[in-house]
Amino acid sequence: MFKRFYPDFNFDSISNIGADFFAVNGIHFAVLDIDNTLVSYKTEYADERAKSFLSMLSGNGIKYAFVSNNHKGRVEKFAREFDAAFVSNAGKPFTFGIRHAMAKMGAKSGETVLIGDQIFTDIYAGKRTGIKTVMVNPIDAKETPFFSVKRYFERIVLKDYKG
Ligand SMILES: [Mg+2]
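Now for a description of the structure that goes with this document. Quantities reported herein were computed from a predicted structural model and do not represent experimental measurements.

Before going further, it helps to spend a moment on the overall build of the protein chain. Counting its regular elements, the protein chain contains six helices and six strands. Tracing the protein chain from N to C terminus, the helices and strands come up as β-α-β-α-β-α-β-α-β-α-β-α. The C-alpha atoms of the protein chain give a radius of gyration of 15 Å, which matches the 15 Å a tight globule of 163 residues would have. For the protein chain, the C-alpha atoms occupy an extent of roughly 35 × 35 × 30 Å along the three principal directions. Across the 163 residues in the protein chain, those meeting the buried criterion constitute 40%. Of the contacts made within the protein chain by residues no fewer than 6 positions apart, 62% connect residues no fewer than 24 positions apart.

Below, the structure is given as structure tokens:
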């Protein structure tokens, strides 16, 4: 029923995504959401979890780029220490930010995965771009009223997905 929102894969956390996942699925490029996917939205720089995931990617020859709807200051500060492209104000669920990042990496759609924590922005954008999608649980859910409503609809879609 909500198929266009279904992620192709689901993991609890980026820590659970191993090198084998990329090898088995023929993935050489990753488009990464930052807030609540790699780190808490409250965390300015990559922590141990994020760093070990990113170095696992590099170590396995997987190129990555950060694609965030957040503003340039936040994204640039986070991305600075990595040798990776980034796109801020990416406008997910629109696809232009993802396409831009893919162009910067020279990525082919069949070999690219998006990893994010939100169905209606990350996953939907990835699916519209025609790349594979991985959903992880948000690291630190921001409990504003608007966010709660969004989460409520996400739960409905996920229930249908796991059905
Ligand atoms: Mg996020």
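The linkage connecting Lys-92 with the following residue, Pro-93, adopts the cis geometry, with an omega of 20°. Here Pro-93 shows up in the loop between β4 (85–87) and α4 (96–105). Positive phi values are uncommon outside glycine, yet Asn-36 reaches one of about 70°. The residue Asn-36 is located in the loop between β2 (29–32) and α2 (48–59) in this model. Even without glycine at this site, Asn-89 takes up a positive phi of about 45°. As for its position among the elements, Asn-89 is in the loop between β4 and α4. Judged by local crowding, Asn-89 falls into the exposed class, with 11 C-beta atoms found within 10 Å.

Once that is clear, we can look at helix α5 (residues 119–129). Where burial is concerned, most of α5 is hidden: eight out of the 11 residues are buried. Looking at α5, one finds that the buried residues are Ile-119, Asp-122, Ile-123, Tyr-124, Ala-125, Gly-126, Lys-127 and Thr-129.

What follows concerns the pairing of strand β3 (residues 63–67). Extensive coverage of β3 is indicated by the burial of four of its five residues. In the sheet, β2 pairs with β3 via four bridges, with the strands oriented parallel. Looking at β3, one finds that Val-31 is bridged to Ala-65. The β-α-β motif built from β2, the intervening α2 and the parallel element β3 has right-handed crossover chirality. Read as a crossover between parallel neighbours, the route from β3 over helix α3 (residues 72–79) to β4 is right-handed.

Moving on, we get to the sheet that holds β3. The parallel open sheet is built from six strands, whose spatial order is β1-β6-β5-β2-β3-β4. One side of each edge strand has no neighbouring strand; the edge strands of this open sheet are β1 (9–11) and β4. Recorded for the sheet is a direction-independent mean angle of 25° between the axes of neighbouring strands. With respect to the sheet, α4 is in contact with β2, β3, β4 and β5 (112–116), its orientation differing from that of β3 by roughly 150°.

Turning our attention to the environment of Ile-14. With respect to the helices and strands, Ile-14 occurs in the loop between β1 and α1 (19–24). Under the C-beta neighbour-count criterion, Ile-14 is labelled buried, with 22 such atoms within 10 Å. Measuring from C-alpha to C-alpha, the distance between Ile-14 and Ile-34 comes to 11 Å, with 20 residues separating the pair along the chain. Non-local contacts of Ile-14, meaning those with residues more than four positions away in its chain, are made with Thr-37, Leu-38, Arg-49, Phe-53, Ile-115 and Val-136.

The next point concerns α3. Buried residues of α3: Val-75, Phe-78 and Ala-79, and no others. Down the axis of α3, the buried set is contained in an arc of 90°. They therefore lie on one face. Seen from the open side of α3, the exposed residues pointing more than 90 degrees away from its buried face are Gly-73, Glu-76 and Lys-77. Those residues of α3 that are buried are in contact with β3 and β4.

Basis of the calculations
Residues numbered from 1 in each chain as written. Predicted model: local features only at pLDDT ≥ 70, side-chain atom pairs only at ≥ 80, totals over all residues. Helix = DSSP H or I, 4+ residues; strand = E, 2+ residues; numbered from the N terminus. Rg over C-alpha atoms; globule rule 2.2 N^0.38 Å. Buried ≥ 20, exposed ≤ 12 C-beta atoms within 10 Å, placed from the backbone. Contact = placed C-beta atoms within 7 Å. Pairing = 2+ DSSP bridges. Right-handed = clockwise from strand over helix to strand, strands pointing away. Axes fitted to C-alpha atoms, helices over the stretch in contact; angles between N-to-C directions. Arc of directions from axis to C-beta.

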